Amino acid sequence: MPGSKGSKRRRTAAAAGSDAAASSAAPQTAVERLTDQSHAEALRKGLERLWRDDKLCDLVLRAASACDAAGASAADAEPTYTEVRVHAVVAAAVSKPLEGMIVGPMASVREGVLTLGPGAVDGAALLEAAKFMYTGSFEVGEDTVFSLLAAANYLGLDGMKGGCAKVMLENLTPQNALGLLEALTQYACAKESIEEAEASVAAAFEEMAAEDEWIVLDEAAVRSWLSRSDLRMKSEAAAFDALVRWTEHRPAEREGSFASLFGAVVRLPQLSMDELE
């Protein structure tokens, strides 16, 4: 005699419960995550190969050339540009500023071309920046470090910016110290780099104050330097001489500042009678 529908449902439920129990009793297979340590480098090399072979590049980065930083050398001249083909996804991945120019509300790509702001990035520096995006390396010398630092800062390439700061510190002298320090500060380099440059200037203050970079400083900068307690000088008279030299560069403009600076930063008790005379 055929069983009822209710009895069939009971047998089916019992079988399902038996299967579930058997499943739960079975040993669980161990799962682990494996990482190929060479994968990241293989990916980087692959992207570099595609870039150097100009395959799948879908974005042109355009910058004014060095001789035409304003966009045109004359009113009737055609702008001269340097163009570099890259992959948009790579540019966006390594550069937050470029990401904002490529996608989002501030996107400014026109027909596959992204023209960087006038004077923002030198054409030769753009080529090195593109190499850095794909390889993590770039070529820099004393004659190119300023333009490369400006490009790295504009494009948000912190590793490249750090490399430029390192080169600047290695080539810092009393003759160029203030200019290099200004660049490091202007482009928001690492605090450690700025402090190292400041310490180098303080250690060679007398030599630095004899250079033309010293006399073109503004009053606030002169006050800041002469107020430091770590200036290496033979005597306090060096600070006084530096102040006099700075004042005499533009006497009509600076004589009013002399008295204020003299009273605030020159330590009279440390001057000998001979020096005061």
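Residues numbered from 1 in each chain as written. Predicted model: local features only at pLDDT ≥ 70, side-chain atom pairs only at ≥ 80, totals over all residues. Heavy atoms only, no water.

1. Regarding the overall build of the chain
Defined as follows: Note on conventions: DSSP H or I runs of at least 4 residues are helices, E runs of at least 2 residues are strands, and numbering of each starts at the N terminus. Relative accessibility thresholds used throughout: buried, under 20% of the residue-type maximum; exposed, over 50%; partly exposed, between the two (1.4 Å probe, protein chains only). All accessible-area figures derive from a Shrake-Rupley calculation using a 1.4 Å probe, and residue coverage is judged against the displayed protein chains alone.
A count of helical and extended segments in the chain gives 15 helices and three strands. Put simply, the chain has 277 residues, and 35% of those count as buried. Accessible surface, the chain: about 16800 Å² in total, of which carbon and sulfur atoms supply 54%.

2. Side note on the packing of aromatic side chains
Definition in use: Any two rings among Phe, Tyr and Trp, with Trp reduced to its six-membered ring, count as a pair given centres within 6.5 Å; such a pair is stacked if its planes are under 30 degrees apart, edge-to-face if over 60, and tilted if neither. Only when the NZ atom of a Lys or the CZ atom of an Arg is both within 6 Å of the ring centre and within 35 degrees of the ring normal do we say a charge sits over the ring.
This model, assessed by the stated rule, comprises six aromatic pairs. A ring pair is formed by W51 and Y134, whose centres lie 4.7 Å apart and whose planes are at 5 degrees; its orientation type is stacked. A residue pair is termed long-range when its members are at least 10 positions apart, and W51 in helix α2 (residues 39-52) and Y134 in helix α5 (residues 123-135) qualify at 83 residues. For Y134, a relative accessible area of 2% corresponds to the buried category. Seen in terms of ring centroids, F240 and F258 are 6.4 Å apart; in terms of plane orientation they differ by 70 degrees. Their pairing is edge-to-face. In this pair, F240 is assigned in helix α13 (residues 237-249) and F258 in helix α14 (residues 251-265), connecting sequence segments 18 residues apart. For F240, a relative accessible area of 30% translates into the label partly exposed. Since its relative accessible area comes to 24%, F258 is described here as partly exposed. Here R62 stacks its cationic end above the ring of Y81, 5.2 Å away from the centre of that ring.

3. Let's talk about the state of the cysteines
For clarity, the cut-off: Here, a disulfide means two cysteine sulfur atoms that sit within 2.5 Å of each other.
Counted by the stated rule, this structure contains zero disulfides. Its sulfur unpaired, C164 is 7.9 Å from the next cysteine sulfur, which belongs to C189.

4. A closer look at the confidence of the model for the chain
Keep this limit in mind: pLDDT runs from 0 to 100 and stands for how confident the predictor is about each residue.
Taken residue by residue, the chain gives an average pLDDT of 86. The fraction at 70 or more is 81%. The secondary structure element of the chain with the lowest average pLDDT is helix α15 (residues 273-276), at 48, and the one with the highest is helix α3 (residues 88-94), at 98.

5. Thoughts on the sheet that holds strand β1 (residues 59-64)
Quick reminder of the rule: Here, strands pair whenever DSSP counts at least two bridges between them. Lines fitted to C-alpha atoms define the axes, with helix axes restricted to the stretch in contact, and inter-axis angles between N-to-C directions lie between 0 and 180 degrees. The contact definition used throughout considers only heavy atoms, calling two residues in contact when any of these lie within 4.5 Å.
The strand order β2-β1-β3 describes an open sheet built from three strands, whose pairing is mixed. Of all strands in the sheet, those bounded by a partner on one side alone are β2 (81-86) and β3 (113-115). If you compare each strand with its neighbour and ignore which way they point, the axes differ by 25 degrees on average. Across three bridges, the pairing between β1 and β3 is parallel. Bridge pairing links L61 to L114 in β3. Together, β1 and β2 form the strand contacts of α5, whose direction differs from that of β2 by roughly 10 degrees.

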